[in-house]
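Understanding the architecture of this molecule
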Amino acid sequence: MRKITPSEITLENHYLSRRQFMKAAGALTAGSLWLAACKGSETTPTPPLEGGTPPPEIAIITDELGDPANSLEDIINYNNYYEFTTSKTGVAELSKDFITSSWTVQVGGLVHNPKTYDVDDLLENFQQEERIYRLRCVEAWSMVIPWQGFPLASLLREVEPMGSAKYVRFETLYDPEQMPGQSSKWYQWPYVEGLRMDEAMHDLTLLATGIYGKQLLPQNGAPIRLVVPWKYGFKSIKSIVKIDLVEEQPTSLWMAAAPNEYGFYANVNPEVNHPRWSQASERRIGENKRRETLLFNGYAEEVASLYTGMDLRENY
Ligand SMILES: Nc1nc2c(c(=O)[nH]1)N[C@H]1C(S)=C(S)[C@@H](COP(=O)(O)O)O[C@H]1N2
Ligand SMILES: [Mo]
């Protein structure tokens, strides 16, 4: 058994199903990623099977809490992407022809060195890392996703924020021809999100470009999207075209749509309920039993200090 990275594996059917994982979990040491039952490897020869095909290579990816990553199938077929549809199972089909090539991201505002980046250059010039993060939707479902990407901080440093920059504002593409959901008058398009400067500079804050070692698919926010694992999923804005450093707190699409339900911070907090439902527990996609929601989605050790002295109930 050897430790490998998610991108070393390309065939998603090499992963154990969650049910298989639960059986195997007891037998394995906790780790982030293990390749087991290595077909054809010298160390673990596969026993001949009677009349059957040999088992495939099996890899288990877990987060640092030991929970298995969701399958690629789950991750690419159960999505929130309101630019396409409000149906979670309909996004994949409706977004399949979305054009994500020749994509640029304009970074500006209160910076000394504004620049428009080609996503291909971002992939080349910023060291891509593997990050296995929990994603907790405000609707109380969650997944574990093995992302590839790079810290937002490394991009922000390059454009040299001015001292007056207090927040970062992100914008998704506006293109109603390609994104049928943008014809909906219920929301103010384009999708906008924001972070406070220290949140944006935190090492956990990722600009994601891939999942399971493959480029992002449109339904997951291709070609580049934000991932802020300690906040509700809606902060993790997809298909970004513009990043601005600003002085005033940005108003997100969700704050504009329902200010009493969605605040600027949106930190995962089991003690602060959504006005219409409890946030104390969640359903991990692929599991039946609900699990308890963790403060800051389990990243309290890393991020709680960002909020010392703040009333987390008031600043929801
Ligand atoms: N532009 C944009 N970004 C978005 C959304 C959206 O509708 N539009 N949905 C958000 C919500 S509510 C969640 S839970 C996550 C879901 O990400 P996933 O589909 O990749 O799992 O994306 C977030 N980013
Ligand atoms: Mo969400």
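Scroll up a little and you will see the structure.
**Regarding the overall build of the protein chain**
Scanning the protein chain from terminus to terminus reveals 8 helices and 15 strands. Total accessible area on the protein chain stands at roughly 15,200 Å², and carbon and sulfur atoms take up 51% of it.

**A closer look at the layout of surface pockets**
Within this model, the largest pocket holds a volume of roughly 480 Å³. What lines the largest pocket is a set of 28 residues, among which Asn80, Tyr81, Cys137, Gly233 and Phe234 lie closest to the centre. Looking at which element gives the most residues to the lining of the largest pocket, the answer is strand S7 (residues 141-151), with 4 residues. Considered class by class, the residues forming the lining of the largest pocket number 17 nonpolar, 6 polar and 5 charged.

**Re the sheet that holds strand S9 (residues 192-196)**
Spatial strand order, S5-S4-S13-S8-S9: 5 strands in an open sheet with mixed pairing. Every interior strand has two partners, whereas the edge strands, strand S5 (115-118) and S9, have only one. Within this sheet the neighbouring strands show an average axis-to-axis angle of 15°, counted without direction. Sheet topology note: the strand S8 (residues 167-172)/strand S13 (residues 240-246) ladder contains 6 bridges and is antiparallel. Across the sheet, the residue bridging to glutamate 171 is lysine 242, located in S13.

**A look at the site of ligand 1**
Around ligand 1, 18 residues are found, and the nearest of them are Asn79, Tyr82, Glu83, Ser236 and Lys238. Within the contact set of ligand 1, an oxygen atom lies 2.9 Å away from a side-chain nitrogen or oxygen of asparagine 79. When ligand 1 is considered free in solution it has 530 Å² of accessible area, and contact with the protein chains removes 99% of it. When the residues that make up the shell around ligand 1 are grouped by side-chain class, the tally is 8 nonpolar, 7 polar and 3 charged.

**Some words on helix H5 (residues 152-159)**
Along H5, the residues that are buried comprise Leu152, Ala153, Leu155, Leu156 and Val159. Buried residues along H5 cover an arc of 160° about the axis, so they all sit on one side.

**Structural notes on the packing of aromatic side chains**
Under the definition given, this model contains 17 aromatic pairs. Between phenylalanine 296 and tyrosine 307, the aromatic rings sit 5.4 Å apart at their centres with planes inclined by 15°, giving stacked as the arrangement. Of this pair, phenylalanine 296 sits in the loop between strand S15 (291-292) and helix H8 (300-303) while tyrosine 307 is found in the segment after H8, placing the two residues 11 residues apart along the sequence. Both residues of the pair, phenylalanine 296 and tyrosine 307, count as buried.

**A word on the pairing of S7**
When you tally the buried positions in S7, you get 11 out of 11 residues, the bulk of the element. Note that strand S6 (residues 129-136) and S7 share 8 bridges and pair antiparallel. For arginine 134, the partnering residue across the bridge sits in S7 and is valine 144. If you look at the hairpin formed by S6 and S7, you'll find 4 residues sitting between the two strands, and alanine 140 has a positive phi there, around 75°. Both S7 and strand S14 (residues 281-284) contribute to a ladder of 2 bridges, which runs parallel. Paired with tryptophan 141 across the two strands is arginine 283, which belongs to S14.

**Concerning the environment of leucine 216**
Considering the arrangement of structural elements, one finds leucine 216 in the loop between strand S11 (214-215) and strand S12 (225-227). Looking at leucine 216, the relative accessible area reads 8%, which means it is buried. Not counting chain neighbours up to four residues away, the residues in contact with leucine 216 comprise Trp147, Ala208, Thr209, Gly210, Ile211, Gly221, Ala222, Pro223, Ile224 and Arg225.

**Regarding the side chain of aspartate 67**
Position of aspartate 67 among the secondary structure elements: in the loop between strand S3 (58-61) and helix H2 (72-77). At 2.8 Å, the side chain of aspartate 67 forms a polar contact with the side chain of arginine 291. Among residues more than four places away in sequence, those in contact with aspartate 67 are Ile61, Thr62, Val144, Arg284 and Arg291.

What counts, and at which threshold
- Within each chain, residue numbers correspond to sequence positions counted from 1 in written order.
- To label them, take the chains in the order written and letter them from A, then take the ligands in the order written and number them from 1.
- Note on the predicted model: pLDDT of at least 70 is required for a residue's local features to be given, and 80 or more for side-chain atom pairs to be given and counted; whole-chain, interface and lining totals, by contrast, use all residues.
- The side-chain values count all of the structure's non-hydrogen atoms but skip hydrogen atoms and water molecules.
- Secondary structure elements follow DSSP: runs of H or I no shorter than four residues count as helices, runs of E no shorter than two count as strands, and numbering proceeds from the N terminus.
- In this description, accessible areas are obtained by the Shrake-Rupley approach with a 1.4 Å probe, and a residue is regarded as covered only by the protein chains that are shown.
- Within this scheme a cavity is a closed region of a 1 Å grid, computed over the protein atoms alone, that accommodates a 1.4 Å probe without allowing it to escape, whereas a pocket is open but has protein on both sides within 12 Å along at least five of seven lines; lining residues each have an atom within 4 Å of a point.
- Grid points are joined across faces, edges and corners, and a volume is the space filled by probe spheres set on the points.
- Classification convention: Asp, Glu, Lys, Arg as charged; Ala, Val, Leu, Ile, Met, Phe, Trp, Tyr, Cys, Pro as nonpolar; all other residues, Gly among them, as polar.
- Should DSSP find at least two bridges between two strands, the strands are taken to pair.
- Note on definitions: angles span 0 to 180 degrees between N-to-C directions of axes, and those axes are lines fitted to C-alpha atoms, for helices only across the stretch in contact.
- Nearness of a residue to a molecule or strand requires only that one of the residue's heavy atoms be within 4 Å of it.
- Two N or O atoms form a polar contact when they lie within 3.5 Å of each other; inside protein one atom must be a possible hydrogen donor and the other a possible acceptor, and for residues adjacent in sequence the pair counts only when both atoms belong to side chains.
- Exposure is judged per residue with a 1.4 Å probe applied to protein chains only, and the accessible area is read against the type maximum: over 50% gives exposed, under 20% gives buried, and values in between give partly exposed.
- Note that the arc is computed from the directions linking the helix axis to the C-beta atoms.
- Centre distance within 6.5 Å is the pairing criterion for rings of Phe, Tyr and Trp, where only the six-membered ring of Trp is used; planes under 30 degrees apart are then read as stacked, over 60 as edge-to-face, and the remainder as tilted.
- Only heavy atoms matter for contacts: two residues are in contact if any of them lie within 4.5 Å across the pair.

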